[in-house]
Amino acid sequence: EDKVVQSPLSLVVHEGDTVTLNCSYEVTNFRSLLWYKQEKKAPTFLFMLTSSGIEKKSGRLSSILDKKELFSILNITATQTGDSAVYLCAPTFYTDKLIFGTGTRLQVFP
Amino acid sequence: DGGITQSPKYLFRKEGQNVTLSCEQNLNHDAMYWYRQDPGQGLRLIYYSQIVNDFQKGDIAEGYSVSREKKESFPLTVTSAQKNPTAFYLCASRRTGSEQPQHFGDGTRLSIL
């Protein structure tokens, strides 16, 4: 059975802190891994990772994939209150199936 | 503007009723998906469809049904067999055969009266 686990489930930090969110997966026919941010309604796309060891960066956010150890991390530096959201990771498959992890709820306080 | 439209935004159901949630996209995407999200949880896959007139069950298909008669449309019916239907339902679409992420609609919140 395909499985995706995110940790921690919940995180509370102060503005300016750096956070690391984890995503581990056990799936067959793995193709790539996606990260999304969900604030109130629809998740918004952050990153797509297809190759191991290559960091993707967007402003204060960065992410990397390890296909040997089957995990990915999402880093957010100098957090802001606007980073408060649920962060979701999702492995994709060559069958076009896409499943999501449990999500990490991040709360950033001023 | 291209996008995914889900309707209605809020839906109330009486016990024993079937209800249908609408999802329409004008992105010309082949694949469409339905997810269920419970409070404080991630998204769980109900059904997905890679092509018109074909669809596959996800992890929690029991009590739900779908159809894909047109490329643009992928309605989800929550049947009376679904005993705990109160949740947030998200529809998504994606271009197949490419390294492209999913696009999401704004969701439908379904509640039991």
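Presented here is a report on the structure given in the accompanying data block.

To continue, consider the pairing of strand β10 (residues 104-109) of chain A. All names here are of chain A. The alternating pattern of β10 places Thr-104, Leu-106 and Val-108 on a buried face, while none of Arg-105, Gln-107 and Phe-109, on the opposite face, is buried. Looking at chain direction, strand β2 (residues 10-14) and β10 are connected through five bridges and run parallel. The residue of β10 that forms the bridge with Leu-11 is Leu-106. Examined bridge by bridge, strand β9 (residues 85-93) and β10 share three bridges and lie antiparallel to one another. Bridging across to β10, Ala-85 finds its partner in Leu-106.

Now for the environment of Cys-23 of chain B. Residues and elements named next belong to chain B. Within the secondary structure layout, Cys-23 lies in strand β3 (residues 19-25). Overall, the relative accessible area of 0% leaves Cys-23 in the buried class. Between the C-alpha atom of Cys-23 and that of Tyr-89, which follows or precedes it by 66 residues, the distance is 10 Å. Here Cys-23 is in contact with Ile-4, Thr-5, Met-32, Trp-34, Glu-72, Ser-73, Phe-74 and Cys-91, once residues within four sequence places are set aside.

Our focus in this paragraph is the environment of Thr-96 of chain B. Relative to the helices and strands, Thr-96 of chain B is located in the loop between β9 (87-94) and β10 (103-104). Apart from residues lying up to four places away in sequence, Thr-96 of chain B is in contact with Asp-96 of chain A together with Asp-30, Ala-31 and Gln-50 of chain B. At 3.1 Å, the side chain of Thr-96 of chain B and the side chain of Asp-30 of chain B are in polar contact.

Applying the stated criterion to the full structure yields 11 aromatic pairs over all chains. Ring centres of Tyr-25 of chain A and Phe-30 of chain A lie 4.7 Å apart, and the angle between their planes is 10°; this geometry places the pair in the stacked category. Judged by its relative accessible area of 3%, Tyr-25 of chain A is buried. Among the residues examined, Phe-30 of chain A registers a relative accessible area of 16% and is labelled buried. On the basis of an interplanar angle of 90° and a centroid distance of 5.4 Å, the ring pair of Tyr-36 of chain A and Phe-104 of chain B is categorised as edge-to-face. Here the residue Tyr-36 of chain A occupies a position in strand β4 (residues 30-38), and Phe-104 of chain B occupies one in strand β10, the pair thus bridging two chains. As far as burial versus exposure is concerned, Tyr-36 of chain A and Phe-104 of chain B are alike and both buried. By the ring-pair criterion, three or more aromatic residues cluster together here, those being Tyr-36, Phe-45 and Phe-100 of chain A together with Tyr-33, Tyr-35, Tyr-48 and Phe-104 of chain B.

Cut-offs used in this document
- In this numbering scheme, every chain counts its residues from 1 along its sequence in written order.
- Both sets of labels track the order of writing: A upward for chains, 1 upward for ligands.
- Selection of residues for local features in this predicted model requires a pLDDT of at least 70, selection of side-chain atom pairs for listing and counting requires 80 or more, and totals for whole chains, interfaces and linings are taken over all residues.
- Each side-chain value is derived from all of the structure's non-hydrogen atoms; neither hydrogens nor water enter the calculation.
- Relative accessible area decides the class of each residue, using a 1.4 Å probe on protein chains only: under 20% of the type maximum gives buried, over 50% gives exposed, and in between gives partly exposed.
- Numbering of helices and strands runs from the N terminus, with a helix taken as a DSSP run of H or I at least four residues long and a strand as a DSSP run of E at least two residues long.
- When DSSP finds two or more bridges between a pair of strands, those strands are recorded as paired.
- Residues count as neighbours in contact if any of their non-hydrogen atoms are within 4.5 Å of one another.
- Any N or O atom pair separated by 3.5 Å or less is treated as a polar contact, with the protein-specific requirement of one donor-capable and one acceptor-capable atom, and with residues adjacent in sequence counted only for side-chain atom pairs.
- Aromatic pairs are defined between Phe, Tyr and Trp rings, using the six-membered ring for Trp, whenever the two ring centres lie within 6.5 Å; interplanar angles under 30 degrees are classed as stacked, those over 60 as edge-to-face, and all others as tilted.

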